[in-house]
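A structural walkthrough
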There are 2 protein chains.
Amino acid sequence: MSLDGKQSDRPRVVIVGAGFGGLEAAKRLAGTPVDVTLIDRRNYHLFQPLLYQVAAAGLSPADIAQPIRGILGRKKNITVLMSRVLGVDAARREVRMEGRRVPYDYLILATGARHAYFGHDAWEHRAPGLKKIDDATEIRRRILTAFEMAEMESDPAEHQRLMTFVVVGGGPTGVEMAGAIAELAKRALARDFRTIDPRQARILLVEAGPRLLSSFPEKLSDFARKALERLGVEVRLNQALTACDAQGVTLSAPEGHEEEADGARIFTRTIIWAAGVQASAAARWIGAKPDRAGRIAVSPDLSVPGHESIFAIGDTALALGPDGKPLPGIAPVAKQQGAYCARLIRDRVAGRATAPFRYRNFGTMATIGRKAAVADFGWLRIKGTLAWLLWGTVHVGFLLGFRNRLSVLLSWIWAYITFQSGARLITGATSGSDG
Amino acid sequence: MSLDGKQSDRPRVVIVGAGFGGLEAAKRLAGTPVDVTLIDRRNYHLFQPLLYQVAAAGLSPADIAQPIRGILGRKKNITVLMSRVLGVDAARREVRMEGRRVPYDYLILATGARHAYFGHDAWEHRAPGLKKIDDATEIRRRILTAFEMAEMESDPAEHQRLMTFVVVGGGPTGVEMAGAIAELAKRALARDFRTIDPRQARILLVEAGPRLLSSFPEKLSDFARKALERLGVEVRLNQALTACDAQGVTLSAPEGHEEEADGARIFTRTIIWAAGVQASAAARWIGAKPDRAGRIAVSPDLSVPGHESIFAIGDTALALGPDGKPLPGIAPVAKQQGAYCARLIRDRVAGRATAPFRYRNFGTMATIGRKAAVADFGWLRIKGTLAWLLWGTVHVGFLLGFRNRLSVLLSWIWAYITFQSGARLITGATSGSDG
C-alpha cells in the first residue's frame, strides 16, 4: 500500500537520505514507472562543500540548503517524508520509521557520514564537527563569541585562550575552515574592535599525517600549506591530538616521529574537528558487517552482498575504484552512484542487464582562501587564482536552485569587494555561555 | 577609566541596548566629543519589523540583522561590548555587567520589550512570541514541522491539530504573521505534499478587542480583516485566551460580550503569541517604579525623574505624546527618541538648553499580504496595493546596510514572481521533536 492507501503495481523504490547520492537517485527516477519514497530526517538538501562558509560567518544556511519538497515535491511519482529511520526489516522488505513502515522492492541507503573521534567521543562537545547546518551555526557562534569575550577579558591567560583557534584535520574541510577563519580574523573583523586586534588571533591547523590534502599530489599539498602560512595560519604536521578539554588541546607526534615537538599543549577555547568521519548506522540496520569506518562493503553494482535489492551509496558505502582502492567520500562519487542506482533499477524493471558501476573522476578541488585554491584533474594540476575561480564556478554551478546560486554569487562578489563577511550573527545561545 | 585603561576627560555616555533607539543615539554621537560605550547582549542589530518574515520562512536571519560592529565598530569614539547588563549603580554612576563595571556620566536605557502573557507565563513554551531571531527560527521550525508531520499522520484528530495554526493578538505583528502563514500554506507549500493539502490548513487570528489594528482608523482595521479573510484566515474578535496547552487553546468572550461564542476550544499544535508586551527589567535596575507594563515613566526630556543623567527610550520607556497618551512602542518613536537623547547630551556638554522631546508622527503601516497593506498618515489613509508598495519601500529603505537591502529586495521580487518562500528550512532541532 502506498502512503495514500492506493494499491500500486509499480515497483516501489525507497531512498533513505536526501544528500548528494539519494537526491540524484530520486531525480533520475522521476517520471519513470516506479513509485519512489525519499526519506530524510531533515526537510532540506544540504550543499555540504560550502558549509564551512556558514561556519565562518560568510554565508547563511538558506544559501546552501534547498527544501527537498521544492526540488522534488511536484514530481508525481515521488513521495517525500521527513522522518528518522529506525531500521530495516530485510526479510519483510520494509523500512521502519516511528509509527510507520514503508515497504520496498528496491532500497537505496544514502545516509552519509558523521564525525569520528577515534574512540574519544567525549571530545565531541569541545570540538564540534562540520556536517550539519546546526554544526555550522554553532561553530560560527563560538568563533564570534570568542572575539567578543576577548574584547572584555582582562586576564592575559584567558585572553590568549580566547584568541587561539585550533582546527583538527588537514583534509579539504580543515584547510578550508582554517583559511576562512584566518580571513575572517585578519580582514573582516580586523578593525571592528577597540581592545583586541583580531589580526593577532592565532589559528592552528593540526594534521596527524606528513602533509595536508593527502589525497592530492604533493606539489598541491605544498602550495596549500604555503598559502595558509601566508594567511597567518600555523600548520602543524605529524601531530595528532592526544587530549582535548575546556582549556585546550594536547598534541603528540605519532609513532615514528618522536623527534618532533612532543606533548605540545595549546591553550584554546575554540576547537573545530575536521579529522575523521565514520559512516551512518545503516550497516546495523541490515545486519551487514561494516568496515572500521562503519561503511557497508558493496558489490560492483553497488548492491549489498546477500541483499540484491538493497543498495548503499555515498559516504555510507565502501565501493572500490578501478585501482582496487576505496572511492573517496566526496560529492561527485555519491552523485554518480545515485545516478547509477537509478539506471540499474530502471534496467531491472525493464529486464535489461547493467554494467558494473564505474566512477569517472573529473577531478577534485580544495580552496584555501582569496585567490588561492588547488585543483587536480590527474593529467592537469592547477593552483592559485585560476584554480580559485574554477572552484567558485563549479561550486556555484552545482548549487541547487537559481535563487541560491544568485544569492551565493552576490555574497561572494560583495565579500570580494568589501573584504567583509555577510552573516556575522551570533544566534542560538545568549552571550556569555560557552558550548 | 575607559576600557583600554586610558584616562579620558571626555564625558562618558553608556547606552544599553542596540535596537532602534540605542543604535540611533550611538550613531548620532559618533564623532562628537564624548566617549560612547554601547552594550548589547547580542552582536547584531535586529530589524524587528521584518522578523515575522523569518518566522514564515520567507527571509533569512542575516537579511534583517546587521552586526553592530559592522555599523559602529570603526567610529573612533564608540566602544561596542557584547554582554548582559546585571544592573545599574546609580549612586556610583556605574553599569554592572558580569565581571566588569562601566562608569558613565550619561546613561541611556534602550533595552526594549519582551512578551507578556498576562500572568500566564507557563504559556510561553507553548506559544512563543516574536521578538528575537531565535524566536523566529523556532516558530518557523514549528510551522514547517507541523506540515511534515501531518503528511504522515493517520489519526484524524492529530492531523487536524497539526493542520491548525493559531496566532494570538490582532496588532500589526499578529496580522502580519497570520497573513504570512496563510500565504505560505496556500501558495508556497500548496503543491509540495502528497497526502495533505496545505491549502486546507486552518489559520486563526484571535483578538480580545473588537477590531484588529486597534491603533489604526476603523476603516483600515476593516480592510485588514477582509483581506485576511480573503486569504483564508479565520478572524476571531472579542475573544481572549483562557487556556493554552499541548492540545490547543480555549477562547472565551471577555466581560460584557458574553453573548459571543464562549469557551470555544481550538485544537492546535502551533500557537504564536503576538498579544502583549512588557518592558525590559531596566526599571528594576534603577529602582524606578514601573507602570503596569514595566515601563519607566520619563520626563518631557526623556530623563528618569530623580536621575537627570539617566534616560529611558523606546519600548522600555513610558513617554507621553502631545495628546497626553503614551507613545506607542514602534520603531519610529524609538529612533526619534534616540536621536533626541544624542542631541540633548551634546547640548548639555556644550552648556546649551534643549527643548523637550516632541514626537513627529510620520504615519504607521501594517501589511497583510500580497498587494494588501494599510497606511495611516493621519490626514491621508491608504489601503491595498499602493499601501503595500509603500510599506515595502519604506521597510527596505530603513533596513541597515546596502547588502541587506539588496538581499531582501531580491528575495521579495523572487517571491512575488514564483510565489515561493526562500528560507523554508527546519533548523535547530531534529525531526519528530516538538517544542
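Since we're looking at a predicted model, the values are computed, not measured.

Points about the sheet that holds strand β13 (residues 233-236) of chain B
All names here are of chain B. What the 4 strands build is an open sheet, ordered β13-β12-β11-β17; its pairing is parallel. In this open sheet, the two edge strands, each paired with only one partner strand, are β13 and β17 (270-273). Across the sheet, the mean angle separating the axes of adjacent strands is 20 degrees when strand polarity is ignored. Relative to strand β12 (residues 202-206), strand β11 (residues 164-168) is paired through 5 bridges, and the arrangement is parallel.

Some details on unusual backbone geometry
You will see that Asn238(A), though not glycine, has its phi angle at about 55 degrees, which is positive. Looking at the secondary structure, you find Asn238(A) in the loop between β13 (233-236) and β14 (240-245). Judged by relative accessible area, Asn238(A) falls into the buried class, the value being 11%. For Leu302(B), which is not a glycine, the phi torsion comes out positive at approximately 70 degrees. For Leu302(B), the position within the fold is in the loop between β19 (296-297) and β20 (303-304). Assessed through its relative accessible area of 1%, Leu302(B) is described here as buried.

Overview of the side chain of Thr145(B)
With respect to the helices and strands, the residue Thr145(B) is situated in helix α4 (residues 133-152). The class for Thr145(B) is buried, based on a relative accessible area of 5%. Ignoring any residue separated from it by four or fewer positions in sequence, one finds Thr145(B) in contact with Met82(A) and Ile426(B).

A few points about the interface of chain B and chain A
The interface is formed by 55 residues belonging to chain B together with 55 residues belonging to chain A. At the boundary of chain B with chain A, total buried surface from both sides reaches about 5000 Å², with 50% on carbon and sulfur atoms. On the surface where chain B and chain A come into contact, there are 4 salt bridges. Between Arg69(A) and Glu148(B) there is a salt bridge, and its shortest N-O distance comes to 2.8 Å. Between the two partners, chain B and chain A, sit 22 residue pairs in polar contact (both at pLDDT 80 or more).

Here we look at the domain arrangement of chain A
Residues and elements named next belong to chain A. Its domain assignment divides chain A into domain 1 (12-41 + 83-115 + 277-350) and domain 2 (125-275). With centres defined by C-alpha atoms, the gap from domain 1 to domain 2 works out at 35 Å. Taken together, the contact between domain 1 and domain 2 spans 5 residues of the former and 5 residues of the latter. Taken together, both faces of the contact between domain 1 and domain 2 bury some 390 Å²; the carbon and sulfur share is 60%. Of all residues in domain 1, the largest losses of buried area upon contact with domain 2 belong to Ala113, His115 and Val277, amounting jointly to 83% of the total for that side. At the surface where domain 1 touches domain 2, the tally comes to 1 salt bridge. We note a salt bridge from aspartate 315 to lysine 131, for which the minimum N-O separation is 3.8 Å. Along the contact surface separating domain 1 from domain 2 lie 1 residue pair in polar contact (both at pLDDT 80 or more). Residues of the side of domain 1 that touches domain 2, tallied by class, amount to 2 nonpolar, 1 polar and 2 charged.

Definitions and limits used
Residues numbered from 1 in each chain as written. Chains lettered and ligands numbered in written order. Predicted model: local features only at pLDDT ≥ 70, side-chain atom pairs only at ≥ 80, totals over all residues. Heavy atoms only, no water. Pairing = 2+ DSSP bridges. Helix = DSSP H or I, 4+ residues; strand = E, 2+ residues; numbered from the N terminus. Axes fitted to C-alpha atoms, helices over the stretch in contact; angles between N-to-C directions. Buried < 20%, exposed > 50% of the residue type's maximum accessible area, 1.4 Å probe, protein only. Contact = heavy atoms within 4.5 Å. Buried area = accessible area lost by both parts, 1.4 Å probe. Salt bridge = Lys/Arg side-chain N within 4 Å of Asp/Glu carboxyl O. Polar contact = N/O pair within 3.5 Å; in protein donor to acceptor, adjacent residues only side chain to side chain. Domains from an automatic or database assignment. Nonpolar A, V, L, I, M, F, W, Y, C, P; charged D, E, K, R; others polar.

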